[in-house]
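Chain by chain, the residues:
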Amino acid sequence: DEAQAAALTNEVERLLHGIRLPKVDFKQAAIDDIVRCFNAGIQEHGKTEEAKRMAVALDPDTRAALMKIEFWKGGGGIVGVYTFSGLDLSVLEAIQLLQEVASLNRKIEGSTLILSRKKDK
């Protein structure tokens, strides 16, 4: 039901918006590390048990694509590395920054916000 899905999305996003991170500062960080930091921030700064049950995850196909190692002449590295920072952001705001720099969509499944790559048009 669309109304139930919208209510669930709103509740998860409301809880994530209520969890404040004093600082996020990622410099060429792998997407797995960024998601791990978001989840640690939820546990550390969540004020209620309900908030601490929230989680951020990567869609398995997205994770495989962005954690792939590519090589090129003179080097190589993980595909999905990103740089962004901010002070006093909610977890939801930090996720939105990641979505912007990494071209990701988000959806809610239970108490998990799942990030996935945008489909090419």
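First, a word on scope: everything that follows refers to the structure included in this document. Keep in mind that what you see is a predicted model, and the values were worked out from it rather than measured.

1. With respect to the overall build of the protein
- Looking only at helices and strands, one finds five helices and seven strands in the protein.
- Starting at the N terminus and ending at the C terminus, the protein contains elements arranged as α-β-α-α-β-α-β-β-β-α-β-β.
- Compactness check: the protein gives a C-alpha radius of gyration of 15 Å against a globular reference of 14 Å for 121 residues, within 12% of the reference.
- In terms of overall dimensions, the protein has C-alpha extents of about 50 × 35 × 20 Å along its principal axes.
- For the protein, the residues scored as buried account for 37% of the 121 residues in total.
- A fraction of 60% describes how many contacts in the protein between residues 6 or more apart in sequence connect residues 24 or more apart.
- Carbon and sulfur atoms make up 51% of the accessible area of the protein, which totals about 7400 Å².

2. Here we look at the packing of aromatic side chains
- Tallying each qualifying case throughout the model produces two aromatic pairs.
- Between phenylalanine 26 and phenylalanine 38, the aromatic rings sit 6.1 Å apart at their centres with planes inclined by 85°, giving edge-to-face as the arrangement. Here the residue phenylalanine 26 occupies a position in strand β1 (residues 20-30), and phenylalanine 38 occupies one in helix α2 (residues 31-45), the gap between them amounting to twelve residues.
- Ring geometry for phenylalanine 26 versus phenylalanine 84: centroids 5.2 Å apart, planes at 50°, classification tilted. With phenylalanine 26 in strand β1 and phenylalanine 84 in strand β5 (residues 81-90), the pair connects residues that are 58 residues apart, well separated along the chain.
- Members of the aromatic cluster, connected to one another through ring pairs, are Phe26, Phe38 and Phe84.

Basis of the calculations
- Residues numbered from 1 in each chain as written.
- Predicted model: local features only at pLDDT ≥ 70, side-chain atom pairs only at ≥ 80, totals over all residues.
- Heavy atoms only, no water.
- Helix = DSSP H or I, 4+ residues; strand = E, 2+ residues; numbered from the N terminus.
- Rg over C-alpha atoms; globule rule 2.2 N^0.38 Å.
- Buried < 20%, exposed > 50% of the residue type's maximum accessible area, 1.4 Å probe, protein only.
- Contact = heavy atoms within 4.5 Å.
- Areas by Shrake-Rupley, 256 points an atom, 1.4 Å probe, with all protein chains shown as cover.
- Phe/Tyr/Trp six-rings, centres within 6.5 Å; stacked < 30°, edge-to-face > 60°.

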